[in-house]
Amino acid sequence: MKPLWIVIFITVLIWSGISPKDQFTWFLEVFPALIGAALLIVTYRSFHLTSMLYFFILLHCIVLMIGGHYTYAEVPFFDGLFGAERNNYDKVGHFFQGFVPALLAREILIRKNVVNGNVWRNVIIVSICLAFSAFYELIEWWVALMSGEDAEAFLGTQGYVWDTQSDMGLALLGAICSLMVLSKIHNHQIQKVTSN
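No experiment lies behind these values; they were computed from the predicted model shown.

Let us look at the pattern of salt bridges. Evaluated as defined, the whole model comprises four salt bridges. Residue Lys21 is joined to Glu74 by a salt bridge in which the shortest nitrogen-to-oxygen separation is 3.2 Å. On the criterion of sequence distance, the pair formed by Lys21 in the loop between α1 (3-17) and α2 (23-43) and Glu74 in the loop between α3 (51-70) and α4 (89-111) is long-range, its members being 53 residues apart. When its relative accessible area of 41% is taken as the criterion, Glu74 is described as partly exposed. Taking the shortest distance from any N to any O, the salt bridge between Glu107 and Arg111 comes out at 3.0 Å. In this pair, Glu107 and Arg111 are both assigned in helix α4, four residues apart and thus about one turn of the helix distant.

Following this line, the structure appears as structure tokens:
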């Protein structure tokens, strides 16, 4: 990974950990970013990703760290945005939860020659993203059961009964947008990485 990537990640991580709104929520929200960074470090030499993918992974980590610092229900500038009755920053997070894993799944499937043909590959990528999103919703539910009231900030439902379904819907939308908008650029970057 580039030193700039690491500096930005660590800087935002430190900022997010300084006096977060809720320490327990901060840990829960930032933990996936820490796991992701550790995996990127471990696999950097054996499976170097495209620079575009590293960029979007960093953006996703920043989204998580901002949500962890403020809690998703209280991120500034998202209260009442576009006339909404709730703070919708969590929807940004769930969009990224489909958008970035779609690129990651796509890169792995292409470079490892797992699936031939764009149509089936795209179906599998979207399915992976939906499975990941559903699993994350299960994790939120398990955390809520284990921690009781402490999980309210982590869940971030803000009284919206369709929160889980809309979260998964946005992950689906993110995955589809990622595939539609970035596939050609991604193909070019994959060629550059694999030819080196």
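This is not the end of the story, as more comes after the structure.
This part is about the environment of Ile8. Locating Ile8 in the fold gives a position in helix α1. With relative accessibility at 30%, the residue Ile8 sits in the partly exposed group. In this structure, the C-alpha to C-alpha distance between Ile8 and Leu58, residues 50 residues apart in sequence, is 8.3 Å. Setting aside anything within four residues of it in sequence, one finds Ile8 in contact with Leu58 and Ile62.

Each value, and the rule that gives it
- Every chain is numbered independently, its residues counted from 1 as its sequence is written.
- Residues qualify for local features only when their pLDDT is at least 70, as the model is predicted, and side-chain atom pairs are given and counted only at 80 or more; totals for whole chains, interfaces and linings, by contrast, use all residues.
- Computation of side-chain values: all heavy atoms of the structure, hydrogens and water removed.
- A side-chain nitrogen of Lys or Arg and a carboxyl oxygen of Asp or Glu constitute a salt bridge if their distance falls within 4 Å.
- A run of H or I in DSSP becomes a helix once it reaches four residues, and a run of E becomes a strand once it reaches two; helices and strands are each numbered from the N terminus.
- Each residue is placed in one exposure class: buried if its accessible area under a 1.4 Å probe, protein chains only, is under 20% of its type's maximum, exposed if it is over 50%, and partly exposed if it falls in between.
- Note on contacts: a residue pair is in contact if any heavy atoms of the two residues lie within 4.5 Å.

Any functional reading would require information that these geometric values do not contain.
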